[in-house]
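Each chain, letter by letter, is given below.
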Amino acid sequence: MSGSILVGLDIGGTSVKAMAVSPGDPTGPALAEVRHRTEPGREGIRDGITTAVRALVEAVGPATDVAGIGVGIPGFVSRGAVSHAVNLGLGAEPLDLLPTLRGLTSGPVGVENDVKTAALGARGWLARHDAGIDDYALLNVGTGLAAGMVLGGRLRAGATGMAGEIGHLVFDRSGPVCPCGQTGCLELYASGSGMRRSWSGTARQLFAAAEAGDASAVRTAADLTDGIAHAITLLAHAPDVALILVTGGMAARNPALRAAVSARLQHDDRTLVGRAVPVAPRVRWLPDDVAVGTRGAALLVAEEVRV
Ligand SMILES: [Zn+2]
């Protein structure tokens, strides 16, 4: 008997990442990590889960018991079923992942939206860098824009499961039409897809071109900066979290973007409201090598596992 593992799966548009941790020490070192390409579609996702869990068991030892499995996945998640995950080939018809997970473990299983899962997974990093924080949000600036919140130490799903889904909050009513049907949604500015409406390169190239004086790049960089700053301020004011962790490749690999957003927030902090409740000091840029997705997925079920 090799003992038991707790499994966290992070199913993304390009890869399925999986981590095995000890049920007795779920924020401790990973016992094994695997990654393989995502096969979109209902069968592809189910098979991807099975393949990843089996690969982890093989990596840890043949007699390993799977004590529980948590899954983070894009889209709308309700009671273990996921829908509206365009990058995974899922539409409005929910895909129930619970039967697949229950076929792989007799322990607890859980499924949650990937950004919410990542928020939970940031707990270990936070404990090392800002100990004692119970209220925080994770803002993911990726292809889209969404946040996850941990309030009073617990992940906030929300009454409808949509807590933190701020991408389609209207930012500019005179803005362009969003695929969702509204106009000027925040995601049209503060995300990779938003940036690509008017810029074909990377965010780094955008800020380099803006620095060099390209008028179109200056406008797009300003939109991106203002949109991200707005999202951060929203999270600082509405749930009033102590810290906002910003993740996503656009921010992690882009010092110019980080500097621009920080400068915007510091500027806003000079107002009456800003001086009373400053936002800029509450921002943390999470390094992109911190495995928050898989770790958070494992933490979804960690408390239910009997150690
Ligand atoms: Zn929208």
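Relevant structure appears above.
Residues numbered from 1 in each chain as written. Predicted model: local features only at pLDDT ≥ 70, side-chain atom pairs only at ≥ 80, totals over all residues.

1. Concerning the pairing of strand β2 (residues 15-21)
Judged by how many residues are buried, β2 sits mostly within the fold: six of seven residues are covered. Judged from the six bridges that link them, strand β1 (residues 4-11) and β2 form a sheet pairing that is antiparallel. Along β2, the bridge assignment pairs Val-7 with Ala-20. Where β1 folds back on β2, the antiparallel hairpin that results is connected by three residues. Pairing geometry for β2 and strand β3 (residues 32-37), over six bridges, is antiparallel. (Buried ≥ 20, exposed ≤ 12 C-beta atoms within 10 Å, placed from the backbone. Helix = DSSP H or I, 4+ residues; strand = E, 2+ residues; numbered from the N terminus. Pairing = 2+ DSSP bridges.)

2. A look at the sheet that holds strand β10 (residues 145-151)
Ordered in space as β11-β10-β9-β12-β13, the five strands form an open sheet in which the pairing is mixed. Of all the strands in the sheet, just β11 (154-155) and β13 (283-285) have a single pairing partner and so form its edges. Where strand β9 (residues 136-141) meets strand β12 (residues 243-247), five bridges bridge the pair, whose relative direction is parallel. If you follow Ala-137 over to β12, its bridge partner there is Ile-244.

3. Side note on the sheet that holds strand β4 (residues 65-73)
Taken together, five strands build an open sheet; the order of strands is β3-β2-β1-β4-β8 and the sheet is mixed. With partners counted over all chains shown, the strands left at the sheet margins are β3 and β8 (109-113), one partner each. With strand direction ignored, the average angle separating the axes of adjacent strands in the sheet is 15 degrees. Looking at chain direction, β4 and β8 are connected through five bridges and run parallel. Bridge assignment links Val-71 to a residue of β8, and that residue is Val-111. Each of β1, β4 and β8 is contacted by helix α3 (residues 114-121), which is oriented at about 110 degrees to β8, the strand it contacts most. Across the sheet, helix α11 (residues 292-302) touches β1, β2, β4 and β8, and the angle it forms with β1 is around 125 degrees. (Axes fitted to C-alpha atoms, helices over the stretch in contact; angles between N-to-C directions. Contact = placed C-beta atoms within 7 Å.)

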